Number of protein chains: 2
Amino acid sequence: MQLSNSSQYAIRILSYMALHKESKLLNATQLAEALQIPYKFLTKIMTEIVKSGLVVSIRGRDGGYKFEKPTSEIMVNEILSIFHDSIPDEQCVLGIGFCNGLCKCALHDQWMEPKHLMQKMFQESSLEDIAGKGCKF
Amino acid sequence: MQLSNSSQYAIRILSYMALHKESKLLNATQLAEALQIPYKFLTKIMTEIVKSGLVVSIRGRDGGYKFEKPTSEIMVNEILSIFHDSIPDEQCVLGIGFCNGLCKCALHDQWMEPKHLMQKMFQESSLEDIAGKGCKF
DNA sequence: TCCAATTACTACTTATAGGTAGAATTATAA
DNA sequence: TTATAATTCTACCTATAAGTAGTAATTGGA
């Protein structure tokens, strides 16, 4: 009942970048240091985010990462979907291949409300919204 | 963002047993057949449930499983905790070691409501409540 | 041109969940 | 007492997530 570590790190990284977007580029060393994420794991995650198109990378000296579009237009859910971690409508709490329109599980109805709240939270929160909220990590 | 397969299976097994509690004992073969769960995996899960004390097993010929206490007194959350799958109060959505009273993550406040709904759903639903709700699986 | 700083790629290791196989143990009924 | 039907135990296999290591490719500047 948790997001994958990759998704959690990704949200923290991008929300840190959103907060520091005045500095032209942020590189992997700075991000790993600031957010206390293992450097090698961070670069792996960043490469996936770059492939998704949310962020562009500049290689070579003075390189780093920056956003492709305004942070107000990047929703948390887009980040989760890179790591196959967003919550599909069909997903249910006892849903191993059985829970659907024809055949509802015993907790189906009670599950709807928290599910929708979580979907809403992910779909309607932009990086702009969450950047700087809470503390550093 | 899902319960483990073991937890999902366990809830389905026990809720099936609750529905058929008039029959003195149900054995692993019957349960695996009725619920379409791999026999060997089901016995592994049942052994853990027996160790937890929720269910007793009778070995040998005409053996099987039965509840230790009324199904109205067995909450879904008790089942989840056997598989370390219940939602602790401290758990947060961006909670890799950082989210606590001193240091809240960016989604901390938005997370409270769905979390509490899920906790409530698990803590206040008994097997009696959910048995027979929804369809067979 | 060459060095240094940077990301990207490939491959590996480790940890954990999910699932399977076979033999050991237990208990009943005939 | 013996065959049989059941759970339990130990060990394994497979898939996936998490994390690490080393090297290649790219770029800017001296």
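Right, let's talk about the overall build of chain A for a bit. Within chain A, the regular secondary structure consists of 6 helices and 2 strands. Secondary structure of chain A in N-to-C order comes out as α-α-α-β-β-α-α-α. With the C-alpha coordinates aligned to their principal axes, the bounding extent of chain A is approximately 55 × 25 × 25 Å. Evaluated residue by residue, chain A yields a buried proportion of 48% over its 137 residues. Considering only contacts within chain A whose residues lie at least 6 apart along the sequence, 66% involve residues at least 24 apart.

We now examine unusual backbone geometry. A positive phi angle is found at A:Q36, which is not glycine, with a value near 55 degrees. Within the fold, A:Q36 resides in the loop between α2 (28-35) and α3 (39-52). Taking the relative accessible area as the measure of exposure, A:Q36 reaches 54% and is therefore exposed. You will see that B:H84, though not glycine, has its phi angle at about 50 degrees, which is positive. Mapped onto the elements of the fold, B:H84 is located in the loop between α4 (76-82) and α5 (108-124).

Now for the environment of B:D129. Residues and elements named next belong to chain B. Summarising the element assignment, D129 is placed in helix α6 (residues 127-130). Distance from D129 to E78, taken between C-alpha atoms, is 14 Å for residues 51 residues apart in sequence. Only 3.0 Å separates the side chain of D129 from the backbone nitrogen of S126, close enough to count as a polar contact.

What follows deals with helix α2 (residues 28-35) of chain B. An α-helix turns once per 3.6 residues; consequently, residues spaced three or four apart project the same way. All names here are of chain B. Buried within α2 are the following residues: A28, L31, A32, A34 and L35. Of the surrounding elements, those touching the buried residues of α2 are α1 (5-19), α3 (39-52) and β2 (64-67). Between a side-chain oxygen at the N-terminus of α2 and the backbone nitrogen of T29 the separation is 3.1 Å; the capping residue is N27. Looking one or two residues past α2, Q36 carries a phi angle of roughly 55 degrees, positive in sign.

Let us look at the protein's contact with DNA strand C. Neighbouring DNA strand C are 25 residues, the closest being A:S57, A:R59, B:K40, B:K44 and B:R59. Within 4 Å of the protein, the atoms of DNA strand C are drawn from sugar and phosphate moieties in a proportion of 69%. Here a base oxygen of DNA strand C and a side-chain polar atom of B:K40 are 2.7 Å apart. In this structure, B:G60 approaches DNA strand C through a main-chain N or O atom, which is 3.4 Å from a base oxygen.

Taken residue by residue, the interface counts 37 residues in chain B and 38 residues in chain A. Between chain B and chain A, roughly 3600 Å² of surface is buried when both sides are summed, and carbon and sulfur atoms account for 72% of that area. In terms of surface lost to chain A, no three residues of chain B exceed B:M1, B:I96 and B:F98, which account for 20% of the buried area on that side. At the boundary of chain B and chain A, one finds 0 salt bridges. If you look at where chain B meets chain A, you find 8 residue pairs in polar contact (both at pLDDT 80 or more). At the level of secondary structure, the elements contributing two or more residues to the side of chain B that touches chain A comprise α1 and α5 of chain B. Broken down by element, the residue count for the side of chain B that touches chain A peaks at 8 residues, all from α5(B). Looking at the side of chain B that touches chain A residue by residue, the classes come out as 23 nonpolar, 9 polar and 5 charged.

For the pair of chain copies, the relating transformation is a rotation about an axis with a translation along it. Laying chain B over chain A is done by rotating through 180 degrees and shifting 0.0 Å along the axis; what remains is an RMSD of 0.0 Å. Each copy turns onto its partner about a two-fold axis. Take the interface residues of chain B: 100% of them recur as interface residues in chain A, which is what a same-surface contact looks like.

We now examine the environment of B:S7. Residue and element names in this part refer to chain B. Along the chain, S7 falls in helix α1. Its relative accessible area of 0% is what places S7 among the buried residues. Once the C-alpha coordinates of S7 and I82 are considered, the two residues, 75 residues apart in sequence, prove to be 8.2 Å apart.

What counts as what
Residues numbered from 1 in each chain as written. Chains lettered and ligands numbered in written order. Predicted model: local features only at pLDDT ≥ 70, side-chain atom pairs only at ≥ 80, totals over all residues. Heavy atoms only, no water. Helix = DSSP H or I, 4+ residues; strand = E, 2+ residues; numbered from the N terminus. Buried < 20%, exposed > 50% of the residue type's maximum accessible area, 1.4 Å probe, protein only. Contact = heavy atoms within 4.5 Å. Polar contact = N/O pair within 3.5 Å; in protein donor to acceptor, adjacent residues only side chain to side chain. Near = heavy atom within 4 Å. Buried area = accessible area lost by both parts, 1.4 Å probe. Salt bridge = Lys/Arg side-chain N within 4 Å of Asp/Glu carboxyl O. Nonpolar A, V, L, I, M, F, W, Y, C, P; charged D, E, K, R; others polar. Least-squares fit on C-alpha atoms with pLDDT ≥ 70 in both.

Just distances and angles here, no functional claims.
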